[in-house]
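Reading the structure
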Amino acid sequence: MTPVLSTLLFSVLLLLTHRIQELVEACSCAPAHPQQLICDSALVIRAKISSEKVVPASDDPLDTHKMIRYEIKQIKMFKGFEKLKDVQYVYTPFDSSLCGVKLEANNKKQYLLTGQILSDGKVLIHLCNYIEPWDDLSLSQKKSLNQRYQMGCGCKITTCYMVPCSITTPNECLWTDWLIERKLYGHQAKHYACIKRSDGTCSWYRGGPPPEKEFIDISEP
């Protein structure tokens, strides 16, 4: 093998190793409908971000990890009343590879924040939570936060990536945004909620007439 070829192969291997390391270190979240993310969260609030500060992740002097502590102004709480009355701070990992969230701390932009409440009462948020600028939410999503999403927490939302795609249980709704629009947060995510009916089955609702059946169930043509 010539010196030039050896150098080229070494460079390619080095690049591949670096790329693999980047992929391993990157944050990865399973796709989930906004309703599912809200149902899985202990806390759901609307808030402004007043300031941010980098703080230690724990009191352990040997722990070198950092957190970003966002000071917030809570505007409205949709979920979490039984554990917290008012939230002053939320915490997120400093590193994006650990799913840390970067928010605009200018006391102007409003966010929908969802997250978990730790045993010490701290609120933890990360990229796998549903965190969106408030103005980016549809009117239907904003209305669903009050009660509609939580009415469907007993339902199962299944993502459809290809046909055939059909329900396997009565309490299941098929999420077809990727199949129809080739994006996850499309029309269905922005305008519909999967609600459990009195007979125990689940179906998509928009707050008006139910969507057409072919929009609910995608199967082999």
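Identification of the protein as Metalloproteinase inhibitor 4 from Accipiter nisus is taken from an unreviewed UniProt entry. Checking UniProt for the protein, the heading Subcellular location (unreviewed entry) contains the comment "Secreted".

The next point concerns the state of the cysteines. Summed over the entire model, instances satisfying the criterion amount to six disulfides. Bridging C27 to C99, the disulfide has an S-S length of 1.9 Å. Residues C27 and C99 share a disulfide whose torsion about the S-S bond is about 95°; that sign makes it right-handed. In this pair, C27 sits in the loop between α1 (3-25) and α2 (34-40) while C99 sits in the loop between β3 (89-93) and β4 (110-117), placing the two residues 72 residues apart along the sequence. We classify C99 as buried; its relative accessible area is 12%.

Let us look at unusual backbone geometry. A cis amide bond links V163 with the next residue in sequence, P164, at an omega value of 0°. On the secondary structure map, P164 appears in the loop between β7 (156-159) and β8 (172-175). Phi is positive for C99, close to 70°, though the residue is something other than glycine. Phi at R182 is positive, roughly 60°, even though this residue is not glycine.

Rules of the game
Residues numbered from 1 in each chain as written. Predicted model: local features only at pLDDT ≥ 70, side-chain atom pairs only at ≥ 80, totals over all residues. Heavy atoms only, no water. UniProt positions renumbered as here; feature names shortened; annotations may be inferred. Disulfide = S-S within 2.5 Å. Helix = DSSP H or I, 4+ residues; strand = E, 2+ residues; numbered from the N terminus. Buried < 20%, exposed > 50% of the residue type's maximum accessible area, 1.4 Å probe, protein only.

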